Every structure is written in structure tokens, then in C-alpha cells.
Amino acid sequence: MLRKDPREEVIEAWYIDDDSNENPSLPYHKEPKEVVSLDQLAELGILTWKLDADNYETDEELNKIREARGYTYMDCICNNEQVPNYEEMNKRIYEEHLHSDDETRYCVDGSGYLDVRDVEDKWIRIWLKKGAMIVLPAGIYHRASLDFNSYIKLVRLFAGNPVWTPHNRPNDDLQARKEYVEKFLIQ
Ligand SMILES: CSCCC(=O)C(=O)O
Ligand SMILES: [Fe+2]
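Residues numbered from 1 in each chain as written. Chains lettered and ligands numbered in written order. Predicted model: local features only at pLDDT ≥ 70, side-chain atom pairs only at ≥ 80, totals over all residues. Heavy atoms only, no water.

Visitor: What is the right way to look at the site of ligand 1 in this model?
Guide: Surrounding ligand 1, one finds His97, His99, Glu103, Arg105, Leu114, His142, Ala144 and Leu154. Take His97: an N or O atom from its side chain is 3.0 Å from an oxygen atom of ligand 1. In this structure, an oxygen atom belonging to ligand 1 sits 3.0 Å away from a side-chain N or O atom of Glu103. Burial of ligand 1 by the surrounding chains reaches 86%, relative to a free accessible area of 300 Å². More than half of the atoms belonging to ligand 1 lie within 2 Å of the grid points that define the largest pocket. Listed by contribution, the elements that provide at least two residues to the shell around ligand 1 are strand S5 (103-117) and strand S8 (142-146). Here the element with the most residues in the shell around ligand 1 is S5; it accounts for 3 residues. Of the residues assigned to the shell around ligand 1, the class counts are 3 nonpolar, 3 polar and 2 charged. (Near = heavy atom within 4 Å. Polar contact = N/O pair within 3.5 Å; in protein donor to acceptor, adjacent residues only side chain to side chain. Areas by Shrake-Rupley, 256 points an atom, 1.4 Å probe, with all protein chains shown as cover. 1 Å grid on protein atoms, 1.4 Å probe; cavity = no way out; pocket = protein on both sides within 12 Å on 5 of 7 lines; lining within 4 Å. Sits in = over half its atoms within 2 Å of the grid points. Helix = DSSP H or I, 4+ residues; strand = E, 2+ residues; numbered from the N terminus. Nonpolar A, V, L, I, M, F, W, Y, C, P; charged D, E, K, R; others polar.)

Visitor: What am I meant to see in the coordination of the iron ion (ligand 2) here?
Guide: For a metal with four donors in a tetrahedral arrangement, the ideal angle between donors is 109.5 degrees, while six donors in an octahedron ideally sit at 90 or 180 degrees. Protein-derived ligands of the iron ion (ligand 2) are His97 (NE2), His99 (NE2), Glu103 (OE) and His142 (NE2), with the metal-ligand distances lying across 2.0 to 2.1 Å. Taken together, the 6 donor atoms coordinating the iron ion (ligand 2) span angles of 75 to 170° at the metal, a pattern that classifies the geometry as octahedral. Within one chain, the residues donating to the iron ion (ligand 2) are spaced in sequence as H-x1-H-x3-E-x38-H. When sorted by exposure, His97 lands in the same class as Glu103, which is buried. (Donors = N, O, S within 2.8 Å, 3.2 Å for Na, K, Ca; no water. Tetrahedral: all angles 85-135°; square planar, octahedral: opposite > 155°, others 65-115°. Buried < 20%, exposed > 50% of the residue type's maximum accessible area, 1.4 Å probe, protein only.)

Visitor: Explain the environment of Val36 here, please?
Guide: Structurally, Val36 can be placed in the loop between strand S1 (11-15) and helix H1 (38-43). It is 33 Å that separates the C-alpha atoms of Val36 and Gln82, two residues lying 46 residues apart in sequence. Discounting chain neighbours no more than four positions away, the residues touching Val36 are Ala13, Trp14, Tyr15, Leu41 and Ile124. (Contact = heavy atoms within 4.5 Å.)

Visitor: Would you take a moment to explain the nonpolar core for this structure?
Guide: Across soluble globular proteins, you tend to see nonpolar side chains buried next to one another. Residues Leu41, Ile46, Val116, Ile124, Ile126 and Leu128 are the most contacted members of the largest nonpolar core, which totals 27 residues. Only S1, H1, S5, strand S6 (123-129), strand S7 (132-136), S8, strand S9 (151-158) and helix H4 (175-185) provide two or more residues apiece to this core. Residues in contact with Ile126, not counting those within four places in the same chain, are Ile11, Glu12, Ala13, Leu41, Ile46, Gly112, Tyr113, Leu114, Asp115, Val116 and Ile134. Membership of the second largest hydrophobic core comes to 13 residues, among which are Ala53, Tyr71, Tyr106 and Val155. (Core = buried A, V, L, I, M, F, W, Y, C linked by side-chain atoms within 4.5 Å.)

Visitor: It is not clear to me how the pattern of salt bridges should be interpreted in this structure. Could you clarify?
Guide: It is possible for side chains bearing opposite charge to pair when their charged atoms get close. Following the criterion strictly, the structure yields 14 salt bridges and no others. One salt bridge in this structure joins Lys130 and Asp54, with 2.8 Å as the shortest N-O distance. Residue Lys130 is found in the loop between S6 and S7, and its partner Asp54 is found in the loop between strand S2 (47-50) and helix H2 (60-69); the two are separated by 76 residues along the sequence. Look at Asp54 and you get exposed, because its relative accessible area is 58%. Residue Asp102 is joined to Arg69 by a salt bridge in which the shortest nitrogen-to-oxygen separation is 3.1 Å. Of this pair, Asp102 sits in the loop between strand S4 (97-98) and S5 while Arg69 is found in helix H2, placing the two residues 33 residues apart along the sequence. Given the relative accessible area of 32%, Asp102 is considered partly exposed. What emerges from the salt-bridge pattern is a single network uniting Glu96, Arg117, Asp121 and Arg169. (Salt bridge = Lys/Arg side-chain N within 4 Å of Asp/Glu carboxyl O.)

In C-alpha cells, the structure reads:
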């Protein structure tokens, strides 16, 4: 039997049922389920790892990735009901947007959703659990939400001085968007 890819223990992805999306914390599987593989995510330019979240501050594997990708900046943020502006912030991150740079997040505790658009502009829900690290390429439309657990602790990584600016959809004239479309969406 083929060994399961360890990343699949902490990252699952599926097509969501667009019509029933009132509560962003629900999984909204299609009926029947439509699973999306890590290879399909890679085709959209999305990179994934499973890392040792209990030791992220000293983890050699993470250090190697940071070095290879030039991630000089790293911080850690929490999202749960205790954070100030909880409602407002969660509303904002669920608005469809893109960035001019890669968005790299590493879930070191809790869990949550990142939704991305596929080549046909359909939503894929990516469920990140403890140990999941992900890179969304610059220019991909996406949004984020907490799951039923209402708690996530994320490490953010960035090459150089961080720019977190979200450009809400539509923003198709942005250079990063044009480059993304050319590289990953035009077959
Ligand atoms: C998984 S948290 C990412 C939320 C987001 O898209 C952002 O902060 O830009
Ligand atoms: Fe984002």
C-alpha cells in the first residue's frame, strides 16, 4: 500500500458548495464530497509542508525553508474570540482579496480555513490544522475564516519588510494578478 503523504494529516481541501455560504466557519462540502489533492493545489501555485509545530522556534526544517525562500521576517498571531475587533477582523479576512506578494502562513495551533479560487473561478476550501504550512502565490484570489474551533495561532513569514495589504476583488489590473493569471491560469 502507498504511504500517505504526511501533509495530508494536517491539510485537507475540497470544493465548497457556493450556494450555502452564510456561516464561513462551516465546511460546506458538496454532496457528494469533491476532494482537492495537494497536487491540484500545487498546480495553482500553492506550496504546502507539514512541520513540527511544537518546536517551530527551533525547528531546523523550518529554518531551511526560511533560508531557501529568504524569509527574514517572522511573527506569530492569534485569532480567537478574545482578540480586539474580532468580528470586524474576521469579516475583513473573509472578503475576497489578493496580495502583491506571496502569503505564507504556518498553523502552529488550532485550525482554520483558507479559500482559494481555481482555474474556473470556483472556491476551494483548504483546512489548515496544527503543523500545516502554506504559501499562497502573489495574485491568487483568496479569503480566510475560522472553523468550528474558533481558534488559530499562525506564524507569518515574509521575505523582507512585510506588506500585508489586501487588494479586494476586483483588482485584475494589478501586476501581480496579471502575472499570476499568465503563469497559472492560462493553459
Ligand atoms: C490564514 S490567515 C490569512 C488571512 C489573509 O488572507 C490575510 O491576512 O491576508
Ligand atoms: Fe490574504
